[in-house]
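Residue-level structural notes
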Amino acid sequence: MKNCFLLFSLVALTVALAACTPGAVQPDTITYGLDPLEASGVSGTVTFEKISDTETVVTIDVDGLQAGQMYPAHIHEGDHPDGAIYISLEMVDGATGMSVTTVTETDAGASVDYDYLVNYDGYVNVHEVGGTPVLATGETGAGGNDVQIEPAGF
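Residues numbered from 1 in each chain as written. Predicted model: local features only at pLDDT ≥ 70, side-chain atom pairs only at ≥ 80, totals over all residues. Heavy atoms only, no water.

Tallied over the full model, the rule gives 3 aromatic pairs. Arranged with centres 4.3 Å apart and planes meeting at 10°, the rings of Tyr86 and Tyr120 form a pair that is stacked. Of the two residues, Tyr86 is situated in strand β5 (residues 85-93) and Tyr120 in the loop between α2 (114-119) and β7 (122-127); the sequence distance between them amounts to 34 residues. We classify Tyr120 as buried; its relative accessible area is 13%. In this structure an aromatic cluster arises from ring pairing among Tyr86, Tyr116 and Tyr120. (Phe/Tyr/Trp six-rings, centres within 6.5 Å; stacked < 30°, edge-to-face > 60°. Helix = DSSP H or I, 4+ residues; strand = E, 2+ residues; numbered from the N terminus. Buried < 20%, exposed > 50% of the residue type's maximum accessible area, 1.4 Å probe, protein only.)

As structure tokens, this is what we get:
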């Protein structure tokens, strides 16, 4: 009986240590708030998730959109509202409020990775159908707002 208890204890310890090993758990993620503009009532978050050394998944999750509509979304350069479009994201589905885009490069074709994106001084906009006005926006990177960080290994 003592041998069973000892074996069980060793297995439990091994599993616990493996779960705490850096890189053995979830990828890096960072989430920024998206705030409504002009009383649009649209708000939520944009999350950057490191998938690999070259791929970042950008997920928008907002409330307040109209079902049956698709809304454009982008990462813009600099500070709101003056920056040009830097990376076009998948359209946000009005029914779910979701957009999921795997990003590897800018619209101009320059390679970007997770570390670059989460340090890039830009902002994300969710636009009205047709492109204007902006419904929700949030600063990212150096000027980011409402930041929640979940580093790998925790």
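This part covers unusual backbone geometry. One non-glycine residue, Glu38, adopts positive backbone phi at about 50°. Note on placement: Glu38 falls in the loop between β1 (29-36) and β2 (43-50). Residues other than glycine seldom take positive phi values, yet Ala39 does so here, at roughly 60°. Within the secondary structure layout, Ala39 lies in the loop between β1 and β2. Residue classification places Ala39 among the exposed positions, given a relative accessible area of 80%.

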